[in-house]
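Now for the letters of each chain:
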Amino acid sequence: MSNWQTYNKSLTRYSDLGLSIDLSLMDIKNSFYTEMQPKVDRALKDMADLEAGAIANPDEGRMVGHYWLRNADLAPNDTIKAQVNEPIAAVKEFSDKVLSGKITPPTGGRFENLLLIGIGGSALGPQFVYHALGADSKLTTYFFDNTDPAGIDTTLKQIASSLNKTLVLVVSKSGGTAETRNGMLEAQEFFEANKVDFSKHAVAITGEGSKLFKYATSNNWLTIFPMEDWVGGRTSIMSTVGLVPAALQGIDIDGFLAGAQQMDARTRSTNVPDNAAMQLALAWYHAGNGKGEKDMVILPYKDSLSLFSKYLQQLVMESLGKEHDLDGNVVNQGIAVYGNKGSTDQHAYVQQLRDGVKNFFATFVEVRKGRNGESIEVDPGTTSADYLQGFLRGTRSALYESDRNSITISINEVTPFTLGLLIALYERAVSFYASLVNINAYHQPGVEAGKAAATSFLEILNQVRGALTGWEKTADDIAEATDNSPEDVYHALIHLAANNEATQSEGATPAEDTFEI
Ligand SMILES: O=P(O)(O)OC[C@H]1O[C@](O)(CO)[C@@H](O)[C@@H]1O
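Residues numbered from 1 in each chain as written. Predicted model: local features only at pLDDT ≥ 70, side-chain atom pairs only at ≥ 80, totals over all residues. Heavy atoms only, no water.

The chain goes by Glucose-6-phosphate isomerase in an unreviewed UniProt entry, where it is assigned to Rubritalea profundi. UniProt's Sequence similarities (unreviewed entry) comment on the chain is quoted here verbatim: "Belongs to the GPI family." As stated in UniProt under Subcellular location (unreviewed entry), the record for the chain gives "Cytoplasm". (UniProt positions renumbered as here; feature names shortened; annotations may be inferred.)

Some thoughts on the pattern of salt bridges
Enumeration according to the criterion identifies 24 salt bridges in this entry. Between lysine 92 and aspartate 254 there is a salt bridge; the shortest N-O distance is 2.8 Å. Taken together, the residues lysine 92 in helix H3 (residues 78–100) and aspartate 254 in helix H9 (residues 253–266) connect sequence positions 162 residues apart. Measuring nitrogen to oxygen at the nearest pair gives 3.7 Å for the salt bridge that ties glutamate 448 to lysine 451. (Salt bridge = Lys/Arg side-chain N within 4 Å of Asp/Glu carboxyl O. Helix = DSSP H or I, 4+ residues; strand = E, 2+ residues; numbered from the N terminus.)

A look at the site of the ligand
Not every one of the 13 residues close to the ligand is listed here, only the nearest: Gly121, Ser122, Ser172, Ser174 and Thr177. In the model, an oxygen atom of the ligand is placed 2.6 Å from a nitrogen or oxygen of the serine 174 side chain. Within the side chain of glutamate 318, an N or O atom sits 2.9 Å from an oxygen atom of the ligand. Its free accessible area being 390 Å², the ligand has 88% of it covered by the protein chains. When contributions to the shell around the ligand are tallied by element, the ones reaching two or more residues are helix H11 (308–320) and helix H15 (445–467). A per-class count over the shell around the ligand returns two nonpolar, eight polar and three charged. (Near = heavy atom within 4 Å. Polar contact = N/O pair within 3.5 Å; in protein donor to acceptor, adjacent residues only side chain to side chain. Areas by Shrake-Rupley, 256 points an atom, 1.4 Å probe, with all protein chains shown as cover. Nonpolar A, V, L, I, M, F, W, Y, C, P; charged D, E, K, R; others polar.)

Quick word on the sheet that holds strand S8 (residues 295–300)
Spatially, the six strands line up as an open sheet ordered S1-S2-S11-S10-S8-S9, and their pairing is mixed. Each of the sheet's edge strands pairs with one partner strand only, and the pair in question is strand S1 (11–14) and strand S9 (337–339). Taking the axes of each pair of neighbouring strands and ignoring which way they run, one obtains an average angle of 20 degrees across the sheet. Sheet topology places strand S10 (residues 360–367) next to strand S11 (residues 406–411); six bridges connect them, and they run parallel. Counterpart to valine 367 in the pairing with S11 is isoleucine 411. (Pairing = 2+ DSSP bridges. Axes fitted to C-alpha atoms, helices over the stretch in contact; angles between N-to-C directions.)

Comments concerning the UniProt feature "active site" (unreviewed entry) in the chain
When the UniProt feature table is mapped onto this chain numbering, "active site" (unreviewed entry) sits at Glu318, His347 and Lys451. Judged by maximum C-alpha separation, these annotated positions cover 134 residues in sequence and are scattered in space, the widest gap reaching 37.0 Å. Note on placement: glutamate 318 falls in helix H11. Discounting chain neighbours no more than four positions away, the residues touching glutamate 318 are Arg234, Gln313, His443, Gln444 and Val447. Relative to the helices and strands, lysine 451 is located in helix H15. With relative accessibility at 44%, the residue lysine 451 sits in the partly exposed group. (Contact = heavy atoms within 4.5 Å. Buried < 20%, exposed > 50% of the residue type's maximum accessible area, 1.4 Å probe, protein only.)

Observations concerning the nonpolar core
Soluble globular proteins tend to bury their nonpolar side chains together. Membership of the largest hydrophobic core comes to 109 residues, with the highest contact counts inside it found for Trp284, Ile407, Leu419 and Tyr426. Residue contributions to this core peak at 13 residues, all from helix H14 (residues 416–436). Both domains that furnish three or more residues to this core are identified here as domain 1 (4–61 + 270–443) and domain 2 (66–254). In this structure tyrosine 426 touches Leu280, Trp284, Ile298, Phe308, Leu312, Leu315, Thr363 and Ile409, once residues within four positions along its chain are discounted. Within the second largest apolar cluster, 20 residues are counted, among which are Tyr142, Leu156, Val170 and Ala204. (Core = buried A, V, L, I, M, F, W, Y, C linked by side-chain atoms within 4.5 Å. Domains from an automatic or database assignment.)

Describing the domain arrangement of the chain
Along its sequence, the chain is organised into domain 1 (4–61 + 270–443), domain 2 (66–254) and domain 3 (446–516). Between the C-alpha centres of domain 2 and domain 3 the distance comes to 37 Å.

Written as structure tokens, this is what we have:
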């Protein structure tokens, strides 16, 4: 078959929605679809059950309801339906009041900035949406998404002169995430030091009864938006987590939700060629033999989508990166995701994609419209947008010529609606893929190991602080005194020295380094 015929055959096109997905360069044979049909049937059934309110996260005994967020009628009962609809109304009311000046900073004027404090699913979605759609944002938005004090200071410096016009959103589903709590305490301290009443600027988005919920309540924060148990962090972008900041930025949240709702509806089709999300999941399966053998390189040819790969890293890798399958077998599943944007990456790592290790498949995201308004000619008859399109088409062909597969997803332009389409497409593809490879996409047991180890290190650090008295102690001295591993103790000592709590004299090896207060 010619490439042209293959293209025509391999395209799933939602013309009325303005999105298509082209799998013609994935080299998928018809027999693959036939072989996969039993797994596809199961994945479709799993999705139908999930949408009907089954306990789709068996380990945590939870329903998985992010698809209800954009269609409350799907919710399995009236309580959940209200948990979808009421916050949307509350978000609109609150953002209208802030933007129209009915809710103002205590010192008068209007809020001009937004500082969002969160991490993982409580930051990545809002960061992606702001970057994609926030060019005309009503509030200039800043983020704390880490416990790095230098990063926090850089952001505080940016908002220092308009601190009294800054609204703060503290976002944490669990309400107990250390990085987010630290960011909140750092912001609060900075506000108080600058004589600005933090509580009159602060809003929480969190689960009812969480530590953050209690803190916000007892400190009389402006308001609290709920986050429900049946929404996972990495799929929370259409809950209050994504909607509150988006509405405050003046982004059309109805359009955003409508895009996702439409994609959900289309990708309930049991006819695989019409189901873009199932097609995507099957293409991932085909590329990596259902074992994640190929990495997913995301290449959006549009600056405003450059955080898409970062957003998808969490969605895909936290969902699919699992040790066990649903039957308890060790499977070590996952798909690695990375990328930035085209054509910029052409001048960075595309060299390796074309000629180097063949361990990936690319996903080109094509945005057909170059810009709003007129373009100059950068060459006779040629615009910058023509170049962007040329580089996308060229790189795609060059990769294929050297036997590298790629998917191309095309949208007309980046709008709240098309962003909703794209996000829902990937959320559903992840759900389908998890079923195809028989894993639970909705828990994250692995993350807990790192959190527990960090807590033990902090305990060691405090013991070392207490034991570092007198002169010239080595790591071994303190390890013996505190009954800890010398290597952990050494790293604690180095940290104290780097932060002016101790002085270090270097010996020939770390074991011979000495430390004193
Ligand atoms: O919203 P929270 O509870 O602060 O969690 C933030 C992130 O931390 C994780 O739980 C992983 O540690 C993510 O799944 C989540 O998005």
